[in-house]
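Now for the letters of each chain:
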Amino acid sequence: MEINIRRISQEDFEKVSKIVCRNFMEVNIKDYTKEEMERLRDIYTPEKINSISNMAHMYVACINEEIVGCGAIHSFWGKEDESMLRTIFVQPEFHGKGIGRKLIETLESDEIFKRAKRVEVPASITSYEFYIKMGYTHLNGMKKLDDERHYRLEKIRFV
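What you are looking at is a predicted structure, and each value in this text was computed from that prediction instead of being measured. (Residues numbered from 1 in each chain as written. Predicted model: local features only at pLDDT ≥ 70, side-chain atom pairs only at ≥ 80, totals over all residues. Heavy atoms only, no water.)

Quick word on the layout of surface pockets
Remark: the empty space left among the atoms is shown by a probe the size of a water molecule rolled over them. For the largest pocket, the calculated volume is near 1,200 Å³. Taken together, 41 residues line the largest pocket, and the ones lying closest to its centre are Ile 88, Phe 89, Pro 122, Ser 124 and Ser 127. Elements with a contribution of two residues or more to the lining of the largest pocket: helix H1 (13-26), helix H2 (34-43), strand E3 (66-76), strand E4 (79-90), helix H4 (99-108), strand E5 (118-124), helix H6 (128-133) and strand E7 (150-156). Looking at which element gives the most residues to the lining of the largest pocket, the answer is E4, with seven residues. (1 Å grid on protein atoms, 1.4 Å probe; cavity = no way out; pocket = protein on both sides within 12 Å on 5 of 7 lines; lining within 4 Å. Points joined across faces, edges and corners; volume = space filled by probe spheres on them. Helix = DSSP H or I, 4+ residues; strand = E, 2+ residues; numbered from the N terminus.)

Encoded structure:
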């Protein structure tokens with residue numbers, strides 16, 4: 001199975017929205033309430049994906065030209081030396097096949113990551129272990145959920 005990663009294009013927004021929303025309703029719903037996931041599903045429209053892609057470097061993962069995952073990186077509050085990973089999702093039937101790892105590797109080779117001294121990721125309860133395996137640690141050394149019920153994780157870089 002060959003995984004190809006490329007920058008997102010306008011034609012991808014609907015497919016990416018569906019992948020994100022499927023994860024909310026099929027995967028993350030195990031750790032969050034149905035109401036929380038329905039609210040997020042309603043937010044992550046193709047227009048929301050377009051908005052994210054306009055402010056970030058957003059990528060899609062493809063197998064045989066079919067989009068099976070996505071991920072983005074952008075400046076953290078406009079800072080040049082801090083960045084944030086976001087909207088990292090893999091189609092549920094492809095979980096555990098290395099696609100998420102390849103997306104993270106791509107994001108970590110992006111210029112926005114490379115210029116940052118610190119990269120933060122708001123990890124859902126569902127994705128927490130994945131980011132720990134990818135080398136992210138607790139912000140301020142504290143494992144706690146924030147107001148959105150995410151773990152704030154970070155990777156400190158010496159650039």
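Still to come is the rest of the account.
Quick word on the packing of aromatic side chains
Within this structure, the stated rule accounts for six aromatic pairs. With 5.5 Å between their ring centres and 65 degrees between their planes, Phe 24 and Tyr 44 make a pair best called edge-to-face. Of this pair, Phe 24 sits in helix H1 while Tyr 44 sits in the loop between H2 and helix H3 (46-55), and the two are 20 residues apart along the sequence. A residue is classified by how much of its surface remains accessible, and Phe 24, at 4% relative accessible area, is buried. With relative accessibility at 12%, the residue Tyr 44 sits in the buried group. With a centroid separation of 4.5 Å and an interplanar angle of 45 degrees, the aromatic rings of Tyr 128 and Tyr 151 are classed as tilted. Taken as a pair, Tyr 128 in helix H6 and Tyr 151 in strand E7 lie far apart in primary sequence, 23 residues in all. Through a chain of ring-to-ring contacts, the aromatic side chains of Phe 24, Tyr 44 and Phe 89 assemble into a single cluster. Here the guanidinium or amino end of Lys 48 rests over the ring plane of Tyr 44, the centre of that ring lying 5.6 Å away. (Phe/Tyr/Trp six-rings, centres within 6.5 Å; stacked < 30°, edge-to-face > 60°. Buried < 20%, exposed > 50% of the residue type's maximum accessible area, 1.4 Å probe, protein only. Lys NZ or Arg CZ within 6 Å of the ring centre and 35° of its normal.)

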